[in-house]
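The primary structure of each chain is shown beneath.
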Amino acid sequence: MKNPDLLNKLEKEKDLTDQELAQVIEGLTGEETEVLFARARAVREREYGKDVYVRGLIEFSNICQNDCYYCGIRKSNTNLERYRLTPEEILDCAREGYQLGFRTFVLQSGEDAWFTRERMSDIIRKIKKEFPDCAITLSLGERSREEYEEWFAAGADRYLLRHETADDDHYRYLHPENMSLANRKNCLYTLREIGYQVGAGFMVGSPVQTVDNLVSDIRFLQELKPHMIGIGPFLTHPDTPFADKESGSLSRTLVLLGILRLLFPGVLLPATTALGTIAPNGREQGLLAGANVVMPNLSPVGVRKKYELYANKICTGEESAQCKNCLNLRVESVGYQLAVSRGDSRVV
Ligand code: SAH
């Protein structure tokens, strides 16, 4: 053991210095990493038992006005067939999901202006009316306070908006000039103020990311105090400016999941699709490192391949029921169980 004190401090949620945090991110031995994961599991089981919460992900439009350099559905990618589900198709996805036992629907899309304040409110109200026992999570990017307020009033419960990186220079490197970290952070604080359960997060191993950047990400999360934290490895997409950049690593993502579980005991932490894409049992390993949420795809099979944020995305050829069964087996294979419930965060 090189760093026993650091792991103890981390577990007691004591303040680590930036240098100590960096040391945990990049300096643990193999044996210490196993200790980190075991402690993360203990905390996760204390907070949430053996339940894994399941979210039905409805990717309802891949049309996007933004041009993020890493993302496969960026505006400038002309090598992609665009689609937009109708409100009725979105509702059908929710109906199918409800039958399968999903009690949270995540509506995610590019920044698609067709989905105006009114149209989105209408969709939210319809889903809530038909399924009052379900939670609705939105993930539509940066919108105005008025829109966020109206959607909350219409019944949306949660909002996912990864901050992507909490370092200004790094943010600049990953995004075009017209986007700003300040605005993204502002959106997150606004969402929290309105009353949403909020999810922030970042990609692990995005181009030029340093360990210091990751420390900044953790510091920002400590300030924001989100209910959910979404992280996954950066994965290269061939039709983006980052086509020749290397993907992030499985092992670093797992270490960060373990750290996040210890620093944010009650947070909801998904084992993401990107994690399942970088390694066949990536999501299972994520669950064993402290994650407690999975987000199977509920989008119609015909559009799944087109919501290609990165190359080789998994689960694009299966029906939703198959996806759910497969995940069920995966979750049980590591000693956990899928829960049929909204699965609200313990963070208040
Ligand atoms: N328009 C919404 C949804 C974006 S897609 C929004 O702005 O929040 C959801 C997430 O996918 C992004 O926040 C980003 O972190 C992740 N993502 C995008 N491209 C990726 C890539 N190449 N590799 C890994 N994750 C990626």
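Overview of the structure.

Rules used throughout
Residues numbered from 1 in each chain as written. Predicted model: local features only at pLDDT ≥ 70, side-chain atom pairs only at ≥ 80, totals over all residues. Heavy atoms only, no water. Disulfide = S-S within 2.5 Å. Pairing = 2+ DSSP bridges. Helix = DSSP H or I, 4+ residues; strand = E, 2+ residues; numbered from the N terminus. Contact = heavy atoms within 4.5 Å. Axes fitted to C-alpha atoms, helices over the stretch in contact; angles between N-to-C directions. Near = heavy atom within 4 Å. Polar contact = N/O pair within 3.5 Å; in protein donor to acceptor, adjacent residues only side chain to side chain. Nonpolar A, V, L, I, M, F, W, Y, C, P; charged D, E, K, R; others polar. Phe/Tyr/Trp six-rings, centres within 6.5 Å; stacked < 30°, edge-to-face > 60°. Buried < 20%, exposed > 50% of the residue type's maximum accessible area, 1.4 Å probe, protein only. Parallel < 35°, antiparallel > 145°, perpendicular 65-115°, else oblique. Salt bridge = Lys/Arg side-chain N within 4 Å of Asp/Glu carboxyl O.

**Comments concerning the state of the cysteines**
- Enumeration according to the criterion identifies 0 disulfides in this entry.
- Here C68 stays free of any disulfide, with the sulfur of C71 as its closest cysteine sulfur at 6.1 Å.

**With respect to the sheet that holds strand β8 (residues 293-294)**
- Read across the sheet, 3 strands follow the order β8-β1-β9 without closing on themselves; strand pairing throughout is parallel. Whereas interior strands pair on both sides, the edge strands pair on one side only; in this sheet they are β8 and β9 (337-339).
- On top of the sheet, helix α14 (residues 320-333) reaches β1 (51-54), β8 and β9; it is set at about 130° to β9, its chief contact.

**Side note on the site of the ligand**
- Taken together, 18 residues surround the ligand, and among them Y70, S109, R162, E164 and L235 come closest.
- Here R162 contributes a side-chain N or O atom positioned 2.9 Å from an oxygen atom of the ligand.
- Take L309: an N or O atom from its main chain is 3.4 Å from a nitrogen atom of the ligand.
- In terms of residue class, the shell around the ligand is built from 10 nonpolar, 5 polar and 3 charged.

**So, the packing of aromatic side chains**
- In this structure the tally under the stated criterion is 12 aromatic pairs.
- Seen in terms of ring centroids, Y48 and Y53 are 5.8 Å apart; in terms of plane orientation they differ by 85°. Their pairing is edge-to-face. The same class applies to Y48 and to Y53, which are both buried.
- Plain terms: the ring middles of F60 and F115 are 4.6 Å apart, the flat faces sit at 75° to each other, and that makes the pair edge-to-face. Here the residue F60 occupies a position in strand β2 (residues 56-61), and F115 occupies one in the loop between β3 (104-109) and α5 (117-130), the gap between them amounting to 55 residues.

**Details of the environment of V208**
- Structurally, the position occupied by V208 is in the loop between β6 (197-204) and α9 (211-224).
- Sequence separation of V208 and I259 is 51 residues, and the distance between their C-alpha atoms is 21 Å.
- Once residues within four sequence positions are removed from consideration, V208 is found in contact with H170, Y173 and N213.

**Let's talk about the sheet that holds β6**
- In spatial order, the strands read β2-β3-β4-β5-β6-β7; together these 6 strands make up an open sheet with parallel pairing. With one partner strand each, in any of the chains shown, β2 and β7 (228-233) form the two edges of the open sheet. Looking at each pair of strands side by side, their axes are set apart by 20° on average, direction ignored.
- In the sheet, β2 pairs with β3 via 5 bridges, with the strands oriented parallel. The residue of β3 that forms the bridge with G56 is F105.
- Docked against the sheet, helix α8 (residues 181-194) engages β5 (158-160) and β6, running at close to 155° with respect to β6.

**Looking at the environment of F60**
- Judged by its relative accessible area of 0%, F60 is buried.
- In the structure, F60 is positioned 33 residues away from C93 in sequence and 9.5 Å away in space, judged by C-alpha atoms.
- Excluding residues within four positions of it along the chain, F60 makes contact with Y83, R84, L85, I90, L107, Q108, S109, F115, M120 and L140.

**What about the side chain of D157?**
- Position of D157 relative to the elements: it lies in the loop between α6 (145-154) and β5.
- Relative accessible area serves as the criterion here: at 14%, D157 is assigned to the buried category.
- Those residues in contact with D157 that lie beyond four places of it in its chain are K128, C134, A135, I136, F152, Y196, Q197 and R342.

**What about the packing of helix α1 (residues 4-11) against helix α2 (residues 18-27)?**
- It is at 10 Å that the axes of α1 and α2 come closest, and there the two elements cross at 105°. Relative to α2, the element α1 is oriented roughly perpendicular. Counted together, L6, K9 and L10 of α1 and E20, Q23 and V24 of α2 form the full contact between these two elements.
- Across the contact of α1 with α2, the residue classes tally to 3 nonpolar, 1 polar and 2 charged.

**Some remarks on the pattern of salt bridges**
- Applying the stated criterion across every chain yields a total of 28 salt bridges.
- Here E11 makes a salt bridge to R39, at a shortest N to O gap of 3.3 Å. Taken together, the residues E11 in helix α1 and R39 in helix α3 (residues 30-48) connect sequence positions 28 residues apart.
- Taking the relative accessible area as the measure of exposure, E11 reaches 32% and is therefore partly exposed.
- Under the relative-accessibility criterion, R39 is labelled partly exposed at 22%.
- In this structure, R117 and E150 form a salt bridge, with 3.5 Å as the shortest nitrogen-oxygen distance. One end of the pair, R117, is in helix α5; the other, E150, is in helix α6, and 33 residues separate them in sequence.
- With a relative accessible area of 31%, R117 lands in the partly exposed category.
- Judged by its relative accessible area of 27%, E150 falls in the partly exposed class.

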